[in-house]
Amino acid sequence: MGASFGRGGATTFQQDLQNSDCIVIMGSNMAECHPVGFQWVVEARERGAKVIHIDPRFTRTSALADLHVPIRAGSDIAFLGGIVNYILENGREFREYVQAYTNARTIISDDFRDTEDLDGIFSGLDPESGEYERESWQYKDMEEAASAGERDMGEAEGEQAHGAHGGELEHGETPHEDPTLEDPRCVFQLLKKHYRRYTPEMVERVCGVPKETFLEVAEALCENSGRERTSAFAYAVGWTQHTVGVQYIRTAAIVQLLLGNIGRPGGGILALRGHASIQGSTDIPTLFNILPGYLPMPHAHEETGLDLYVERNAPPTGFWGNTKSYMVSLLKAWWGEAAQFENDFCFDYLPRIDEDHSHYRTVADMQDNKLEGYFVMGENPAVGSSNGKLQRLALAKLKWLVVRDFSEIETASFWKDGPEIETGELATEEIGTEVFLMPAASHTEKDGSFTNTQRLLQWHHKAVEPEGDCRSELWFMYHLGRLVRRRLADSTRERDRPVLDLTWDYPTVGPTEEPDAEAVLAEIGGFDQEKEPLADYLPLKEDGSTTCGCWIYAGCYKGGTNQPAKRKPTGEQDWVAAEWAWAWPMNRRILYNRASADPDGRPWSERKKYIWWDESEEEWVGADVPDFTPDKRPDYVPPEDAEAQEALRGDEPFIMQGDGRAWLYAPNGIVDGPFPTHYEPRESPFGNPLYKQRSNPVRDEYDRPENPINPSGDEPGSEAYPFVVTSYRLTEHHTAGGMSRTVPYLSELQPEFFCEVSPELARERGLEHGKWATIITARSAIEARVLVTERIKPLQVDGRTMHQVGLPYHWGNKGISTGDSANDLFAFVLDPNVHIQEVKAASCDIQPGRRPRGPDLPKFVDGHLRQAREGA
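Computed from a prediction, not measured in an experiment: that's the story for all the values here. (Residues numbered from 1 in each chain as written. Predicted model: local features only at pLDDT ≥ 70, side-chain atom pairs only at ≥ 80, totals over all residues. Heavy atoms only, no water.)

Peer 1: What am I meant to see in a nonpolar patch on the surface here?
Peer 2: A cluster of nonpolar side chains, F375, M377, M477, L480 and V484, forms an exposed patch at the surface whose accessible area comes to about 370 Å². For the nonpolar patch, the secondary-structure elements that each account for two or more residues are strand 10 (373–377) and helix 21 (473–488). A per-element tally of the nonpolar patch places helix 21 first, with 3 residues. Tracing the chain through its elements places V484 in helix 21. (Patch = residues over 30% accessible without salt bridge, like charges linked within 9 Å, V, L, I, M, F, W, Y side chains within 5 Å. Areas by Shrake-Rupley, 256 points an atom, 1.4 Å probe, with all protein chains shown as cover. Salt bridge = Lys/Arg side-chain N within 4 Å of Asp/Glu carboxyl O. Helix = DSSP H or I, 4+ residues; strand = E, 2+ residues; numbered from the N terminus.)

Peer 1: Whenever I open this one, the environment of E701 confuses me. Can you help?
Peer 2: Counting through the fold element by element, E701 comes out in strand 20 (residues 700–701). You can call E701 partly exposed: its relative accessible area is 29%. Separated by 117 residues in sequence, E701 and T818 place their C-alpha atoms 31 Å apart. If we skip the residues at most four places from it in the chain, E701 touches R682, I709, F828 and V829. A distance of 2.8 Å separates a polar atom in the side chain of E701 from a polar atom in the side chain of R682. Within the structure, the side chain of E701 is placed 2.7 Å from the side chain of R699, a separation counted as a polar contact. (Buried < 20%, exposed > 50% of the residue type's maximum accessible area, 1.4 Å probe, protein only. Contact = heavy atoms within 4.5 Å. Polar contact = N/O pair within 3.5 Å; in protein donor to acceptor, adjacent residues only side chain to side chain.)

Peer 1: Whenever I open this one, the sheet that holds strand 11 (residues 400–405) confuses me. Can you help?
Peer 2: Sheet strands pair via backbone hydrogen bonds, and the direction of the pair is either parallel or antiparallel. With parallel pairing, the 3 strands of this open sheet are ordered in space as 10-11-12. Each edge of the sheet is formed by a strand with only one pairing partner; in this case those strands are strand 10 and strand 12 (434–439). Averaged over all adjacent pairs, the angle separating strand axes in this sheet is 10°, with direction ignored. Looking at chain direction, strand 11 and strand 12 are connected through 6 bridges and run parallel. The residue of strand 12 that forms the bridge with V402 is F436. Contacting strand 10, strand 11 and strand 12, helix 21 runs over the sheet at an angle of about 150° to strand 10. (Pairing = 2+ DSSP bridges. Axes fitted to C-alpha atoms, helices over the stretch in contact; angles between N-to-C directions.)

Peer 1: Help me understand the side chain of S695, please; the structure alone is not making it clear to me.
Peer 2: Topologically, S695 is positioned in the loop between strand 19 (619–622) and strand 20. Classification of S695 by relative accessible area gives buried; the value is 6%. Here R699 takes part through its side chain, which lies 3.0 Å from a polar atom of the side chain of S695. Other than its neighbours up to four places away in sequence, S695 contacts Y679, E680, P681 and R682.

Peer 1: Looking at this structure, I do not really get the pattern of salt bridges. What am I missing?
Peer 2: Pairing is possible between side chains that carry opposite charge, provided their charged atoms lie close to one another. Evaluated as defined, the whole model comprises 58 salt bridges. E683 is paired through a salt bridge with R779; the nearest N and O atoms lie 2.5 Å apart. Placement of the pair is E683 in the loop between strand 19 and strand 20 and R779 in the loop between strand 23 (772–776) and strand 24 (781–788), with a sequence separation of 96 residues. Take E683: its relative accessible area is 4%, and that puts it in the buried class. In this structure, the salt-bridge partner of E783 is R853, at a minimum N-O distance of 2.8 Å. In this pair, E783 is assigned in strand 24 and R853 in the loop between strand 29 (842–848) and helix 26 (856–871), connecting sequence segments 70 residues apart. Overall, R853 belongs to the partly exposed group, its relative accessible area being 36%.

Peer 1: Teacher, can you tell me more about the sheet that holds strand 17 (residues 582–583) here?
Peer 2: The antiparallel open sheet is built from 3 strands, whose spatial order is 13-14-17. Each edge of the sheet is formed by a strand with only one pairing partner; in this case those strands are strand 13 (448–451) and strand 17.

Peer 1: Looking at this structure, I do not really get the pairing of strand 11. What am I missing?
Peer 2: Extensive coverage of strand 11 is indicated by the burial of 5 of its 6 residues. In this sheet, strand 11 lies alongside strand 10 in parallel orientation, the contact comprising 5 bridges. Paired with G373 across the strands is W400, a residue of strand 11.

Peer 1: Whenever I open this one, the packing of aromatic side chains confuses me. Can you help?
Peer 2: Aromatic ring pairs are reported here in terms of the distance separating the ring centres and the angle at which the planes meet. Tallied over the entire structure, the rule returns 43 aromatic pairs. Seen in terms of ring centroids, Y97 and Y101 are 5.3 Å apart; in terms of plane orientation they differ by 85°. Their pairing is edge-to-face. Within this pair, Y97 and its partner Y101 are both found in helix 6 (residues 95–101), separated by 4 residues, close to a single helical turn. For the residue pair Y97 and Y101, the accessibility class agrees, reading buried in each case. Aromatic rings pair up to connect F112, F122, Y132, W137, Y665 and F675 into one cluster. Here the basic side chain of R57 rests over the ring of Y728, its NZ or CZ set 3.5 Å away from the ring centre. We note K632 situated over the ring of F628; from NZ or CZ to the ring centre the distance is 5.6 Å. (Phe/Tyr/Trp six-rings, centres within 6.5 Å; stacked < 30°, edge-to-face > 60°. Lys NZ or Arg CZ within 6 Å of the ring centre and 35° of its normal.)

Peer 1: Where do I start with the nonpolar core in this structure?
Peer 2: Nonpolar side chains in soluble globular proteins tend to be buried together. Core analysis: the biggest nonpolar cluster contains 103 residues, and F5, F79, I83 and L258 have the highest contact counts within it. When sequence neighbours within four positions are dropped, the list of residues in contact with I83 reads F214, V217, A218, L221 and V255. If you look at the next biggest cluster of nonpolar residues, it comprises 60 residues, including W320, M327, L521 and W620. (Core = buried A, V, L, I, M, F, W, Y, C linked by side-chain atoms within 4.5 Å.)

Peer 1: What exactly am I supposed to notice about the packing of helix 5 (residues 76–89) against helix 10 (residues 211–223) here?
Peer 2: In a packed pair of helices, the relevant descriptors are the angle between the two axes and the axis-to-axis distance. Close contact between helix 5 and helix 10 brings their axes to 10 Å; oriented N to C, the two are set at 55°. With respect to each other, helix 5 and helix 10 are oriented oblique. The two elements helix 5 and helix 10 cross, and the hand of that crossing is right-handed. Residues F79, G82, I83, Y86 and I87 of helix 5 pack against F214, L215, V217, A218, E219, L221 and C222 of helix 10. (Parallel < 35°, antiparallel > 145°, perpendicular 65-115°, else oblique. Left-handed = near helix turned anticlockwise from the far one by under 90°.)

Peer 1: I would appreciate a short explanation of unusual backbone geometry in the present structure.
Peer 2: Leaving glycine out, the prevailing phi sign among residues is negative, and the prevailing peptide bond configuration is trans. In this structure, the amide linkage connecting W584 to the following residue, P585, adopts the cis form with an omega of -10°. The topology assignment puts P585 in the loop between strand 17 and strand 18 (611–614). The backbone of Y294 shows a phi angle near 65°, a positive value even though the residue is not glycine. Tracing the backbone through its elements, the reader meets Y294 in the loop between strand 8 (290–291) and strand 9 (295–296). We note that N369 has phi near 65°; this positive angle belongs to a residue other than glycine. Within the fold, N369 resides in the loop between helix 16 (359–367) and strand 10.

Peer 1: I would appreciate a short explanation of the packing of helix 9 (residues 200–207) against helix 10 in the present structure.
Peer 2: The interhelical angle for the contact between helix 9 and helix 10, taken along N-to-C directions, is 115°, at an axis separation of 9 Å. As helix 9 runs across helix 10, the sense of the crossing is right-handed. Between helix 9 and helix 10, the contacting residues are P200, E201, V203 and E204 on the first element and K211, F214 and L215 on the second. Within the contact of helix 9 with helix 10, the residues separate by chemical class into 4 nonpolar, no polar and 3 charged. (Nonpolar A, V, L, I, M, F, W, Y, C, P; charged D, E, K, R; others polar.)

Peer 1: Just to check I follow, could you spell out helix 18 (residues 388–395) for this structure?
Peer 2: Since the α-helix turns once every 3.6 residues, residues separated by three or four places project in the same direction. Judged by how many residues are buried, helix 18 sits mostly within the fold: 7 of 8 residues are covered. If you check which residues of helix 18 are buried, you get G388, L390, Q391, R392, L393, A394 and L395. Buried residues along helix 18 sit in contact with helix 16, strand 10, helix 17 (381–384), strand 11, helix 19 (410–417) and helix 20 (419–423).

Peer 1: For this particular structure, what's the right way to read helix 19?
Peer 2: Buried within helix 19 are the following residues: E410, T411, A412, S413 and F414. Tucked into the core, helix 19 has its buried residues touching strand 10, helix 17, helix 18, strand 11, helix 20 and strand 12.

Peer 1: I tried to follow the pairing of strand 27 (residues 804–808) on my own but got confused; where do I start?
Peer 2: For a regular strand, the rule is simple: side chains alternate between the two faces of the sheet. Within strand 27, 5 of the 5 residues are buried, which leaves the element mostly enclosed by the surrounding structure. Of the two faces of strand 27, the one holding Q804, G806 and P808 and the one holding V805 and L807 are both buried throughout. Where strand 21 (residues 723–728) meets strand 27, 5 bridges bridge the pair, whose relative direction is parallel. Bridging from a neighbouring strand, Y728 pairs with P808 of strand 27.

Peer 1: I tried to follow the environment of Q247 on my own but got confused; where do I start?
Peer 2: Structurally, Q247 can be placed in helix 12 (residues 245–258). On the basis of relative accessibility, which here comes to 2%, the residue Q247 falls in the buried class. C-alpha separation for the pair Q247 and P705, spaced 458 residues apart in sequence, amounts to 29 Å. Those residues in contact with Q247, other than ones at most four positions away along the chain, are I77, I670, D672, G673, F675 and P676. At 3.0 Å, the side chain of Q247 forms a polar contact with the backbone oxygen of G673.

So this is what it looks like as C-alpha cells:
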C-alpha cells in the first residue's frame, strides 16, 4: 500500500466497515483470527451489505458471509486481475475519480515493455543479478528517483515503502499526460492491455473458481461502488506470505482505485495484522532497512552524509519533501545535545546496511558461520519460520543465543530436544551454542502501547507486578544499554561514541526499576523548540530545534497527555470515535480522506459525505481530521518555487506521493513489476497458463543443500508432490504456540496438530478421519491427525482435479499440546520486496500413517525426492 497510496498502513479503520455496501475478505479468516473487529462486518451485513469470503477453506468467516468462494491457494492475483479486467472491459470504473486522483492519465516511457510484450517479464530484467533495472518503468522523459548505482541496498519497498514517489520533478515540471485516457502509452491503456487476458474463463482455469461465481463477485463490487456506494477489502497474512505477496495487495489497490473506494467511508483496504502490535513493529521498526516512521536506513556508500541522504530519499514534492526535518528530529531525540549542526546531527552515528540483513538471510549467514550471537525476543523461529530444520541447524552454529519468552520455547531448547537430536543430524554434546533463557513479563505486567491493525495506538496499563525474574522488553533493553554504557564509560574510541552519547536517561519506577513507559511515549511523540509536547508533525524543523522519536507518531503525547490512553465510551461521541485512543498520523482514522470529496471540494454524494471544503470557514471540515493541508483551497495551484506539500495542487489528495495521486502503475517502490502479474507459487503442481514465465523471476530463493525445492509444474519429478498445501491459524492458539500450548484450557480446546483434507482426497489416498497422515515436501515430513471435512473442496484447475491440504501452524514439541511443526515443510523462498516467506501455497504429498522416526526420517524425505527424480 505504500507504493500505491504513499503509506504502508491500513487506509481505513475497522469501525468504518459498518458503512460498507460490499465487503470482500480475502487472504483472511477474520471471524476466527480477528473476532473483535469482525463485529463491524456483521453490523454491515445487518445494514444490507453483501459480504464475500474468498478462501481455500470454508471457515466461520464463510459461515457468516453471503457468499463463500473456494479458490486455489496462490492464485489470488489471477482472480483480482480478472476483476480489474471486468471493470475496464465493461466501463465500470468511477471515471471522474480515476481521472482526477490516480496516475491513469500519465504517459509512460517509450522504453517500457510489459509482460504482454515479453511473455511474463517486464523490461529491465538483468539475468545475471536476477533483479530489475527500473529506468524503463519511469514516466516519459523522467529519470528514476535513484539510479541503480545510488539506490540504497535493501531499500524499503512494497508494504514498507517510504513514500514511494515518481521520477524527480523539477519545480514547475509535470509529467506527460493525456486527460482523455486514450493515448496507448498512458497508464490507463497500459492497464487495460496488461489485464486483457485475465478473462473470466482464465480465472476459472487458474483459480478453480467457476465463471459464474467469479462474475457474481465482480458485479457485486461494481454495483456497490461509485458516488453513492462504497466497498471495502480486508486481508491478512493469507495475502502477504507469498513470493508475490506485496503484489496481491497492489492488485486490490488497483481495484479499489478504479472503483473510487479509497479515502471514502465504507471503502478502503484494511490490513488485518498478525497480532496486537505488528503495525507498531513496522512503524517503529524491527526491520533492518527502515528507521522509525519509514525513513530508509542509510547505506554504506563511499560518500555519506545527511544532505546526500536527503537528496537520495526526499522528493521535492509531497510531504516526504520534509524528510530532513523528520530525520533531524529523530537524531535529536536519540542523541540530544550531542547532535549538532556541525556534526550532521550525529547522522554518522547511524548504522549502515550493505546488503540484505532480513531474517532469512541472517539465518543463512548463521548456518555459514558468519554470526556469533543472536537475540530472539517475542519470536519462535524454530516453529514459526519456514524450513524449521534449517532454522535449528543454524542456531547450533552460534556461540551464544538470548531467548526472552514466557516459557521455554523450541528456539531455546533445540539443543536438547529438537527434532534433529532424534534424527541424529545434531548431537547435544557437539553444539557449542550457549543459550540464555530470560523470563519475560506479559502485557498485564507492564505499561505500554499496542499499535493495532488500523494504526491505532492503545495504551495497556500494568495490572500486577511481574513474578520472580520476569521483566519487560523495555526493562531488558534499557538496563542492558545501561550496563553496556557503564562498561564503555572510560572509552576514548570514536566507535563507542554512538552508544555513550545516546539520551539514555529515562526515569525508572517500582521495585524492579522499570523505565517509565510514558516517558518513552513522550519522547516518541516529540517536543517543539520550547520543549513542549508536539501536537502533530507539522512543526518539525531541520535546524535541530525539535525532537521526535517517530514523526508519524508526533502528537501522541499532545498537551502532555497520554493520547493512546483515551477511553471515552462510544455512547459519548460520534461513530468515528476520535477520543478512543489515538491513530497515526494526527489521529486520522481514514487516510487520503480528501478523496471523499470531488476535485472542487464537494462530497461525491450526501450518503458518503465525510470531508469537504467549507467556503465560509475557508478550511476542510467533516467527521475526521482532514488528511490534507487544512486551509489549502481545492483550486489551489502551486507557484513554480513551491516545495514539499505546498507543491501539490488543491485537488491532489495523495499527499505522500510526489505527484499527489494514487498509483495504478508503480514506477518505483516495487521491485518485481509496476503492474501485479500472476505467477505460480515457487512450488506448485501447475504451470502458468498466462505466461511462459512460471514463477516470480526476481523472488528471493536460497539455493543451498539444506533448502531443497520441490520439482514443480512440468519439471521432472513434480508428480511426486501433486497437492497444494497451505497453512493457517486457529482461534484457540496464538502464532507459534508459545503463549497458548502451555495453557491447559486452550490445549484442551485444540489438543492435537491436524490436517484438513476433503472426502475425495481421503478416498484417493486412503486417509481415515481421526487417524494419522504424513505430509511430505523436499525439506521434511511431518505427521498430523486427519480431519476429513467438506470445508475444503477439490477444485477443477487447468483441466484437472486439484486437492488442497490445510495445516494450522501452531505446534511444536514443547508445552501441554505438542505436535510436529507445519513450517518444517516450507522452503526459504521469499517475496523480494519485504523478504517474507511463502507459506500459504506450496506443493506436497500426503500418505496414510505416521512418519518414520529417528535417522529414518531424513532418509525417507530424501528418498521420496530421489525416487521422484529418478522416476521422471
